Amino acid sequence: MFRYLYEWAQDLSVYLILITAVFHALPDSGYKKYIRFFTGLVLVFMMAAPVLKILGTDGQVMNFYKSREYEKKIEEMEHAAQYLERYGYEEAGIGDIEVEEIQVDEER
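Computed from a prediction, not measured in an experiment: that's the story for all the values here.

(A) Up close: the overall build of the protein. Along the backbone of the protein there are four helices and zero strands. The helix and strand sequence of the protein, counted from the amino end, reads α-α-α-α. For the protein, the residues scored as buried account for 8% of the 108 residues in total. Partitioning the intrachain contacts of the protein with sequence separation of at least 6 by distance along the chain shows that 50% fall at a separation of at least 24. Taken as a whole, the protein presents about 10,200 Å² of accessible surface, with 59% of it coming from carbon and sulfur.

Written out as structure tokens, the structure is:
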């Protein structure tokens, strides 16, 4: 158990050092917030790994991705993507939105 925690802390340290280096190497761009969001999600999963292992639920998370429900959702998304490619966004009701007028309520 202590070996697992030591390896976890080591992996976490390497990840944080790597991410810090990546952020310093990135120019100031609009993508920086998306990269920060994604790396934050990965960090949350890395921090939760020991808790999930202690509770014995770490295998259940991976089993979800192998489940039939997950496969069905993937098929639905692929079908929707094919429909949009074939018929376009306008027929699907996802076309451009036009704004005619904006009213601001100044009572607040």
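(B) Spotlight on the pattern of salt bridges. This model, assessed by the stated rule, comprises one salt bridge. Of the charged contacts in the structure, one is a salt bridge between Arg3 and Glu7, with a shortest N-O distance of 3.6 Å. Of the two residues, Arg3 and Glu7 are both situated in helix α1 (residues 2-25); the distance of four residues between them amounts to about one turn of the helix. Taking relative accessible area as the criterion, Glu7 reaches 34% and is therefore assigned partly exposed.

(C) Quick look at the packing of aromatic side chains. Across all of its chains, the model carries zero aromatic pairs by this definition. A cation over an aromatic ring shows up here: Arg36 above the ring of Phe23, its NZ or CZ 4.5 Å from the ring centre.

(D) Molecular detail of a nonpolar patch on the surface. A cluster of nonpolar side chains, Phe37, Leu41 and Phe45, forms an exposed patch at the surface whose accessible area comes to about 360 Å². Looking at where Phe37 falls in the secondary structure, it is placed in helix α2 (residues 32-55).

(E) A look at the packing of α1 against α2. The interhelical angle for the contact between α1 and α2, taken along N-to-C directions, is 175 degrees, at an axis separation of 11 Å. In terms of orientation, α1 lies roughly antiparallel with respect to α2. Across the interface between the two elements, Tyr4, Leu5, Trp8, Asp11, Leu12, Tyr15, Leu16, Ile19 and Phe23 of α1 pack against Lys32, Ile35, Arg36, Thr39, Val42, Leu43, Met46, Met47, Ala49, Pro50 and Lys53 of α2.

(F) Just the side chain of Thr39, in detail. In this structure, Thr39 sits in helix α2. Every residue in contact with Thr39, bar those within four places of it in the chain, is listed here: Tyr15, Ile19 and Phe23.

(G) Region of the structure containing α1. The end-to-end C-alpha distance of α1, which contains 24 residues, comes to 35 Å, matching closely the 34 Å that a straight helix rising 1.5 Å per residue would cover. Listing the buried residues of α1 in full gives Leu12, Tyr15, Ile19 and Phe23. As for α1, its buried residues are in contact with α2.

(H) Highlighting α2. With 24 residues, α2 extends 35 Å between its outermost C-alpha atoms, agreeing within 8% with the 34 Å of an ideal straight helix rising 1.5 Å per residue. The largest bend along α2 reaches roughly 35 degrees and is located at Ala49, with the proline Pro50 sitting one to four residues downstream. Listed in full, the buried residues belonging to α2 are Lys32, Thr39, Met46 and Pro50. Each element contacted by the buried residues of α2 is listed here: α1. One or two steps after α2, the chain reaches Gly56, where phi turns positive at roughly 80 degrees.

The rules we used
- Residues numbered from 1 in each chain as written.
- Predicted model: local features only at pLDDT ≥ 70, side-chain atom pairs only at ≥ 80, totals over all residues.
- Heavy atoms only, no water.
- Helix = DSSP H or I, 4+ residues; strand = E, 2+ residues; numbered from the N terminus.
- Buried < 20%, exposed > 50% of the residue type's maximum accessible area, 1.4 Å probe, protein only.
- Contact = heavy atoms within 4.5 Å.
- Areas by Shrake-Rupley, 256 points an atom, 1.4 Å probe, with all protein chains shown as cover.
- Salt bridge = Lys/Arg side-chain N within 4 Å of Asp/Glu carboxyl O.
- Phe/Tyr/Trp six-rings, centres within 6.5 Å; stacked < 30°, edge-to-face > 60°.
- Lys NZ or Arg CZ within 6 Å of the ring centre and 35° of its normal.
- Patch = residues over 30% accessible without salt bridge, like charges linked within 9 Å, V, L, I, M, F, W, Y side chains within 5 Å.
- Axes fitted to C-alpha atoms, helices over the stretch in contact; angles between N-to-C directions.
- Parallel < 35°, antiparallel > 145°, perpendicular 65-115°, else oblique.
- Expected span 1.5 Å × (residues − 1).
- Bend = angle between axes of the 7 residues up to and from the residue.

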